[in-house]
Amino acid sequence: LTTGGIKSGIGDYYDFYTGDDNDSDGFGDVKIHITGLDFSGNPDEVNSSNIGLGIHNNWIDNPKPPQEDGPQDNPDSETMYMTFSDTTPVDPSDPSYSLTAAKITVGSLNFSEDAVWTVYNTNGSQDPADWTEIKSDSAHGTAKFNTTFTVDGGTDPLTGQPIEFDAIMLQAGDGDDYRVLNITTYSRSLGDDIDLTYDLQITDGDGDTATSSFDVTFDADGNITGTSA
């Protein structure tokens with residue numbers, strides 16, 4: 001997300017594209033629409049450069065000191081919002097693109113610093129006030145070089161399937177700051193079944209051996225089935 005194929009600079013929003021270019025328009029099939037808020041919760045500019053992406057000054061900043069001495073009257077974190085949509089949706093009235101997870105790489109997040117994240121269902125709206133929160137957590141920095149972490153919606157306890165989302169919010173821990181460098185999106189596969197065959201040899205305690213094979217099918221709908229063998 002340094003330039004994303006567009007000119008670096010500052011704007012009210014930035015759109016980046018990832019994935020295959022399915023209709024030869026020069027863009028990938030997933031659009032990442034990025035907006036931001038300042039410390040006070042007011043809209044602020046998205047700053048993209050050849051060293052990363054941030055809000056206002058090219059960072060996601062939180063100047064509030066750690067609360068070791070009790071509550072202090074200081075600004076909160078800047079906020080970055082990312083919404084994901086399909087550039088070639090089957091249903092034009094619903095261009096949302098649902099993720100099961102996203103891997104995010106940020107720069108300059110030290111050992112003691114945190115990147116705070118929340119994933120949402122936008123419910124078809126670009127207004128965060130209309131979104132439904134799915135899950136939130138934080139990732140700890142690894143040093144003054146790149147830190148990669150995964151955000152996800154968790155697992156549905158009834159179906160065992162991953163809970164999908166189409167928006168991510170990023171903030172910084174108290175007194176912390178970082179830049180966003182890269183996003184990799186993961187979604188439910190809508191492709192063909194995958195059939196795999198495994199050959200095996202079984203040996204018992206006194207050296208007798210037997211060979212067999214079995215098939216495993218990973219269905220496109222997420223189910224896994226195997227033969228009785």
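All residue numbers here refer to positions counted from 1 along the written sequence of the relevant chain. In view of the model being predicted, local features appear only for residues whose pLDDT reaches at least 70, and side-chain atom pairs are presented and counted only at 80 or more, with totals across whole chains, interfaces and linings using the full set of residues. Processing note: side-chain calculations cover all non-hydrogen atoms of the structure and skip hydrogens and water entirely.

1. Observations concerning the packing of aromatic side chains
Aromatic ring pairs are reported here in terms of the distance separating the ring centres and the angle at which the planes meet.
Here is step 1 of the chain: Between rings of Phe, Tyr and Trp, where Trp is taken as its six-membered ring, a pair exists when centres lie within 6.5 Å; planes separated by under 30 degrees are stacked, by over 60 edge-to-face, and by other angles tilted. Using the criterion set out here, one finds 4 aromatic pairs in the structure.
Here is step 2 of the chain: Ring geometry for tyrosine 81 against tryptophan 131: centres 5.4 Å apart, planes inclined by 85°, an arrangement best described as edge-to-face. One end of the pair, tyrosine 81, is in strand β8 (residues 79–86); the other, tryptophan 131, is in the loop between β10 (114–121) and β11 (132–140), and 50 residues separate them in sequence. The same class applies to tyrosine 81 and to tryptophan 131, which are both buried.
Here is step 3 of the chain: Between tyrosine 198 and phenylalanine 214 the ring centres are 5.3 Å apart and the planes differ by 20°, which places this aromatic pair in the stacked class. With tyrosine 198 in strand β15 (residues 194–203) and phenylalanine 214 in strand β16 (residues 209–218), the pair connects residues that are 16 residues apart, well separated along the chain.
Here is step 4 of the chain: Feature note: the residues Tyr81, Tyr120 and Trp131 constitute an aromatic cluster, connected by ring pairs. We count a stretch as a helix when DSSP gives it H or I for four or more residues in a row; a strand needs E for two or more, and each element gets its number in order from the N terminus. Note on exposure labels: buried denotes an accessible area under 20% of the residue type's maximum, exposed denotes more than 50%, and partly exposed covers the range between, all computed with a 1.4 Å probe on protein chains only.

2. Description of unusual backbone geometry
Here is step 1 of the chain: Of note, histidine 56 is a non-glycine position whose phi angle comes to about 70°, a positive value.
Here is step 2 of the chain: Following the sequence through the fold, histidine 56 ends up in the loop between β6 (52–55) and β7 (60–61).

3. Points about the side chain of aspartate 114
Here is step 1 of the chain: Relative to the elements of secondary structure, aspartate 114 occurs in strand β10.
Here is step 2 of the chain: Side-chain polar atoms of aspartate 114 contact the side chain of histidine 140, separated by 2.5 Å.
Here is step 3 of the chain: The contacts of aspartate 114, once residues within four sequence positions are left out, are Leu109, Ser138, Ala139, His140, Gln171, Ala172, Gly173, Asp176 and Tyr178. Definition of a polar contact: a pair of N or O atoms within 3.5 Å, with one able to donate and the other able to accept a hydrogen when the atoms are protein atoms, and with sequence-neighbouring residues admitted only if both atoms are side-chain atoms. We call two residues contacting when some pair of their heavy atoms lies within 4.5 Å.

4. A look at the nonpolar core
Here is step 1 of the chain: Here, the term nonpolar core denotes a set of buried Ala, Val, Leu, Ile, Met, Phe, Trp, Tyr and Cys residues that are joined through side-chain atoms within 4.5 Å. In this structure, Met82, Ile168, Leu170 and Val180 are the most contacted members of the largest nonpolar core, which totals 31 residues.
Here is step 2 of the chain: Dropping the residues within four chain positions of it, leucine 170 is found in contact with Ile60, Glu78, Thr79, Met80, Met82, Ile104, Val116, Trp117, Phe149, Tyr178 and Val180.
Here is step 3 of the chain: Membership of the second largest hydrophobic core comes to 6 residues, among which are Leu37, Tyr120, Trp131 and Ala167.

5. Details of the confidence of the model for the protein chain
Here is step 1 of the chain: In predicted models, pLDDT denotes the confidence assigned by the predictor to each residue on a 0 to 100 scale. Summary statistics for the protein chain give a mean pLDDT of 83 and a share of 83% for residues scoring 70 or more.
Here is step 2 of the chain: Segment residues 2–6: pLDDT under 50, and 14 contacts once partners within four positions in sequence are set aside and those in other chains are kept.

6. Description of the pairing of β15
Here is step 1 of the chain: For β15, the buried fraction is low: 0 of the 10 residues fall into the buried class.
Here is step 2 of the chain: In this structure, β15 lies alongside β16, joined through 10 bridges in antiparallel fashion. Across the sheet, leucine 196 pairs through a bridge with valine 216, a residue of β16.
Here is step 3 of the chain: What sits between the antiparallel neighbours β15 and β16 is a turn of 5 residues, in which glycine 207 has the positive phi angle 100°. Whether two strands pair comes down to DSSP finding at least two bridges between them.

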